[in-house]
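Residue strings, one per chain:
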Amino acid sequence: QKEVEQNSGPLSVPEGAIASLNCTYSDRGSQSFFWYRQYSGKSPELIMFIYSNGDKEDGRFTAQLNKASQYVSLLIRDSQPSDSATYLCAARVPRDYKLSFGAGTTVTVRA
Amino acid sequence: EAQVTQNPRYLITVTGKKLTVTCSQNMNHEYMSWYRQDPGLGLRQIYYSMNVEVTDKGDVPEGYKVSRKEKRNFPLILESPSPNQTSLYFCASSFSSNYGYTFGSGTRLTVV
């Protein structure tokens, strides 16, 4: 079982809609969770991090964490064509100092 | 500008010819790491370092070496590259274990 799993997509949404991305993790010791955005041919860029159960909002992005269900999600509101990218979920286990990534979900926002 | 700098950006080499990919960060970060990214497999950690002279294996360390003699530098060494090491490599650094990584621009390596 992979440590971090994501729906591979692709996910296609119309401009202005909400894109919903899901991620599950297997290690209950994971304490820090991150969402990265990666444009084609570019390096991953950190867009959100969350440590506590519940929601965390930053502009058009909302991260949600449910540790009991080992589930992390990212909502992108008012999706724009510039949001078209691959989104990577990552989980960190402090005792291992390791950041494990999911395979990514590709999002396409249709104008 | 705060950044992680990798060199070279592109490299084509032949099987068995030793190579080094350099990585340097100017943010005084404790943690540094190397990842490889392959289609369908995502980012996989090769090695990571918690501080100078402290390194540990990630998920796919075979065929790679690293060193951390200075806080800012974390080179990746392929002693005898093979075609299955053809990949996109990223160096990354982080302030602490609770922070996300900042990634370099990547090195696309082709081993023929």
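Below you will find a few notes about this structure. All values derive from a computational prediction rather than experimental measurement.

Our next topic: the interface of chain A and chain B. Contact with chain A, which involves 19 residues of that partner, is made by 22 residues of chain B. Between chain A and chain B we count five residue pairs in polar contact (both at pLDDT 80 or more) in total. Breaking the side of chain A that touches chain B down by element, the ones donating at least two residues are strand S4 (32–38), strand S9 (85–93) and strand S10 (98–101) of chain A. With four residues, S4(A) is the single largest residue contributor to the side of chain A that touches chain B.

Our focus in this paragraph is the state of the cysteines. Residues and elements named next belong to chain A. Counted according to the given criterion, the structure contains two disulfides over all chains. Covalently, Cys 23 is tied to Cys 89 through a disulfide, its sulfur atoms 2.1 Å apart. Residues Cys 23 and Cys 89 are joined through a disulfide that is left-handed, its torsion about the S-S bond being -75°. Pair noted here: Cys 23 is in strand S3 (residues 19–25) and Cys 89 is in strand S9, with a separation of 66 residues, a long-range link.

Attention shifts here to unusual backbone geometry. A cis amide bond links B:Asn7 to the next residue, B:Pro8, at an omega of 0°. You will see that A:Asp78, though not glycine, has its phi angle at about 50°, which is positive. Position of A:Asp78 relative to the elements: it lies in the loop between strand S8 (71–76) and S9. Accessibility expressed as a relative area gives 40% for A:Asp78, which makes it partly exposed.

About the cut-offs
- Residues numbered from 1 in each chain as written.
- Chains lettered and ligands numbered in written order.
- Predicted model: local features only at pLDDT ≥ 70, side-chain atom pairs only at ≥ 80, totals over all residues.
- Heavy atoms only, no water.
- Contact = heavy atoms within 4.5 Å.
- Polar contact = N/O pair within 3.5 Å; in protein donor to acceptor, adjacent residues only side chain to side chain.
- Helix = DSSP H or I, 4+ residues; strand = E, 2+ residues; numbered from the N terminus.
- Disulfide = S-S within 2.5 Å.
- Buried < 20%, exposed > 50% of the residue type's maximum accessible area, 1.4 Å probe, protein only.

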